[in-house]
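Chains, contacts and geometry: an overview
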Amino acid sequence: MKAARGEAAGSAAPGSPPAGPAAPGASGAPPKGHGRRALLGYAWALLAIAGAWQLLSLALGPLVLPRPWDVFRNFAGQIQNPAFLGHAAASVRRLAAGLALGFAFAFPLGLAMGRFPRLDALAAPILFLTYPVPKVLLLPALLVIFGLGEAPKAVLLVLVAGYQILVVTRDAVRNMDPRWEASFSTLWPAAKAARKTRRLLALARHVLVPCALPSAMTALRLASGTAVSVLFIAESFATDRGLGFMIVDAWGAMDLARRWSGILAMGLLGAVFFEAAGLLERLLCPGSRRRG
Amino acid sequence: MGAAVEASCLGKSYGGVEVLRGVSLSVAAGGSLAVVGSSGSGKTTLLNLLAGLVPRGAYSGEIRTDPPGAGRAYLMQDCSLFPWKTVLANLELPLALAGAPKAERRRRASAALSELGLGSLGGRYPQEISGGERQRAALGRALVTGADVALLDEPFSALDAIARERLQDSVDAFLAGRGLTSVIATHGIEEAARLGDSVIVLGGKPASVRARIANPERRRRGFRASAAFFRLTLEIRRALEEA
């Protein structure tokens, strides 16, 4: 067959019909120069924040807000300090475990709620009633239930990340373009004879998961920011490790530069997880047009 | 090789609203039938029934193929290639669902792409190729498992006029080359005249067959520019207006 020429290229994101021009880098690979642009963006952001910080420091005085240069110098020293690196490693472990477990629980549950109206009718009201509750308020109860170890912090982070991923995944499945499922059904004439479980698993693998994953990954990126904030509070209680503990400890010792180094480290930690989630999204959702 | 398709007295209702009543049709093995009607005239419903997407108890009437149980491939409107899979992976999917081993899937999907003139586009995503290329890839996906009957629901409606005519020719040649039986739903009068060995006109509420028009000269060289073609389009137009 000869190729028909003069046809306009189109593009489609999961859940929407194919239309419009193809996005650059619409395949799995990030757009050319993406890494360099991202680094330049962060360099600009650091300069802008440092400028505003310097002005605020001049206005408030260094006892309230230390000068950025002093904090950067302290931070450069801290990252060679094994104790600081230990605190940072503990925070990274908690954050990674909380986000991963949150995703592992929430994504399948969101798929199931989006797919099965009866399950959704039972679970959605519970979800909507508990979603707005600030999860950090549960920390004292979690400490009582799970003890003083890592478990209550992990559960808190799982709740914080999981709720966001759950709501978004459920909605992504519910709002999925019905054409995808109809299209899938035309490809498998033997589906009617196949077991129901096998049919459902095939549908989940080839349609539901790819449709919902880009939205869930975006929720994961947003959750990573929220989780850093909650991590600070979780590490303020019943632990002697983590950046949150270090910040509170430096606060008590009136060590302003160390305290702000910890705050800077937490900000960087959030940015790294945000970018890592974006990278994961590009790897797992190669046909998606969502780009960080 | 294609299979003959026969349907008698098909009827379908959605939520108490009757959308299709008493539709009968017959297509010879290797032949083509164009189903023409305005938007909402029940063409897609008819193709859904012929494709076997509607459970047996959910419609009235009979659908038979000769030989019985012939494979049916359905190309939906807007083609619906999955944008999260490459073109090649889209073509491999029906084979995977049918349980074909990985090497065979790759071989058959690649062969189908080459046959459709898309051999170099297997690694692209559907949103990175043109509308016509997507349509051909979707046709390849529908037929890669070796169906006997092709059901095409407004397959060219999203294309511009020139691309549509070229694709009509190439798809027609592809189906004829394989000896496949085809049923093509369209709202285009010229498209129906160009692609159907016979044409049925759907109309009314609920939709029923308002006219049956034979098109014996369709495969004659130069048919599209002939007086017979224009007479046929006038006849279809009149039937549509009266429907």
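Treat the numbers as computed from the prediction; the structure is a model and nothing was measured. (Residues numbered from 1 in each chain as written. Chains lettered and ligands numbered in written order. Predicted model: local features only at pLDDT ≥ 70, side-chain atom pairs only at ≥ 80, totals over all residues. Heavy atoms only, no water.)

**Structural notes on the overall build of chain B**
Along its length, chain B carries seven helices and nine strands. The C-alpha atoms of chain B give a radius of gyration of 18 Å, which matches the 18 Å a tight globule of 243 residues would have. Principal-axis analysis of the C-alpha atoms gives chain B an extent of 50 × 45 × 30 Å. Expressed as a percentage of the 243 residues in chain B, the buried residues total 57%. For chain B, restricting intrachain contacts to residue pairs at least 6 apart in sequence, the fraction spanning at least 24 positions comes to 70%. Averaging the positions of the 31 positive and the 24 negative side-chain charges in chain B gives two centres separated by 3 Å. (Helix = DSSP H or I, 4+ residues; strand = E, 2+ residues; numbered from the N terminus. Rg over C-alpha atoms; globule rule 2.2 N^0.38 Å. Buried < 20%, exposed > 50% of the residue type's maximum accessible area, 1.4 Å probe, protein only. Contact = heavy atoms within 4.5 Å. Lys, Arg positive; Asp, Glu negative; His and termini not counted. Charge placed at Lys NZ, Arg CZ, Asp CG, Glu CD.)

**Here's the deal with the overall build of chain A**
Secondary structure assignment for chain A yields ten helices and zero strands. Overall, chain A shows an N-to-C arrangement of helices and strands of α-α-α-α-α-α-α-α-α-α. When the 292 residues of chain A are sorted by exposure, 43% land in the buried category. Accessible surface, chain A as shown: approximately 15,300 Å² in total, 71% of it carbon and sulfur. (Areas by Shrake-Rupley, 256 points an atom, 1.4 Å probe, with all protein chains shown as cover.)

**Some points on the packing of helix α4 (residues 131–143) of chain B against helix α5 (residues 161–178) of chain B**
The packing of two helices is summarised by the inter-axis angle and the distance between the axes. All names here are of chain B. Closest axis-to-axis distance for the α4/α5 pair is 11 Å, and the angle between their directions is 15°. By the criterion of interaxial angle, the relationship of α4 to α5 is roughly parallel. As α4 runs across α5, the sense of the crossing is right-handed. Here G132, Q135, R136, L139 and L143 of α4 lie close against α5, whose contacting residues are L167, S170, V171, F174, L175 and R178. Taken together, the residues that form the contact of α4 with α5 break down as six nonpolar, three polar and two charged. (Axes fitted to C-alpha atoms, helices over the stretch in contact; angles between N-to-C directions. Parallel < 35°, antiparallel > 145°, perpendicular 65-115°, else oblique. Left-handed = near helix turned anticlockwise from the far one by under 90°. Nonpolar A, V, L, I, M, F, W, Y, C, P; charged D, E, K, R; others polar.)

**What about a nonpolar patch on the surface?**
Nonpolar side chains collect at one region of the surface, where L56, L60, L63 and V64 of chain A lie side by side and expose about 430 Å² of accessible area between them. Position of L60 of chain A among the secondary structure elements: in helix α1 (residues 34–60). (Patch = residues over 30% accessible without salt bridge, like charges linked within 9 Å, V, L, I, M, F, W, Y side chains within 5 Å. Salt bridge = Lys/Arg side-chain N within 4 Å of Asp/Glu carboxyl O.)

**Focus on unusual backbone geometry**
Cis geometry marks the peptide bond from D66 of chain B to P67 of chain B; its omega dihedral reads 5°. The residue P67 of chain B is located in the loop between β4 (60–66) and β5 (72–75) in this model. For M254 of chain A, which is not glycine, the phi dihedral falls at a positive 55°. Its place among the elements puts M254 of chain A in the loop between α9 (243–252) and α10 (256–284). Positive phi is not limited to glycine here, since C9 of chain B has a value of about 55°. With respect to the element layout, C9 of chain B can be found in strand β1 (residues 4–14).

**A word on the confidence of the model for chain B**
Parts of the model with low pLDDT should not have their predicted coordinates read in detail. Confidence in the prediction of chain B, expressed as mean pLDDT, is 88, and 99% of residues score 70 or more. Across the interfaces of the predicted complex, the ipTM metric reaches 0.75, alongside a pTM of 0.78. (pLDDT = per-residue confidence, 0-100.)

**Concerning helix α8 (residues 196–234) of chain A**
Residues spaced three or four apart along an α-helix face the same direction, because each turn holds 3.6 residues. With 39 residues, α8 of chain A should cover 57 Å at 1.5 Å per step; its first-to-last C-alpha distance of 44 Å lies more than 12% under that length. Of all bends in α8 of chain A, the biggest is about 50°, found at A204 of chain A. (Expected span 1.5 Å × (residues − 1). Bend = angle between axes of the 7 residues up to and from the residue.)

**What to know about the sheet that holds strand β8 (residues 198–203) of chain B**
Residue and element names in this part refer to chain B. Taken in spatial order, the six strands make up an open sheet running β5-β6-β7-β3-β8-β9, and their pairing is mixed. Edge positions in the sheet fall to β5 and β9 (208–214), since each has one partner strand and no second. Within this sheet the neighbouring strands show an average axis-to-axis angle of 15°, counted without direction. As paired strands, β8 and β9 are joined by six bridges and run antiparallel to one another. (Pairing = 2+ DSSP bridges.)

**Overview of the environment of Y125 of chain B**
Residues and elements named next belong to chain B. Its location among the elements puts Y125 in the loop between α3 (102–115) and α4. Assessed through its relative accessible area of 9%, Y125 is described here as buried. Linking Y125 and N90, residues 35 residues apart in sequence, is a C-alpha distance of 9.2 Å.

**So, the packing of aromatic side chains**
All chains considered together, the criterion is met by ten aromatic pairs over all chains. Centroid distance F223 of chain B to F229 of chain B: 5.4 Å. Interplanar angle 90°. Geometry classified as edge-to-face. Residues F229 of chain B and F230 of chain B carry aromatic rings whose centres are separated by 5.5 Å and whose planes lie at 85° to one another, so their mutual orientation is edge-to-face. On the accessibility criterion, F230 of chain B (44% relative accessible area) is partly exposed. Three or more aromatic residues joined by ring pairs form one cluster here, namely W53, F72 and W260 of chain A. (Phe/Tyr/Trp six-rings, centres within 6.5 Å; stacked < 30°, edge-to-face > 60°.)

**Things to note about the pattern of salt bridges**
Residues and elements named next belong to chain B. On inspection of all chains with the given rule, the structure shows 27 salt bridges over all chains. R218 is the salt-bridge partner of D197, the closest N and O atoms lying 2.8 Å from each other. Residue D197 is located in the loop between α6 (189–195) and β8, and its partner R218 is located in the loop between β9 and α7 (227–242); the two are separated by 21 residues in the primary sequence. On the accessibility criterion, D197 (23% relative accessible area) is partly exposed. With relative accessibility at 3%, the residue R218 sits in the buried group.

**Brief notes about the sheet that holds β1 of chain B**
All names here are of chain B. One open sheet accounts for three strands, arranged β2-β1-β4; its pairing is antiparallel. Both outer strands of the open sheet, β2 (17–27) and β4, are each paired with one neighbouring strand and no more. The average undirected angle you get between the axes of adjacent strands in this sheet is 15°. Where β1 lies against β4, six bridges are found, and the strand directions are antiparallel. Note on β4: the bridge partner recorded for E6 is R64. Along the sheet, helix α1 (residues 43–51) contacts β1, β2 and β4; its crossing angle with β1, the most-contacted strand, is approximately 120°.

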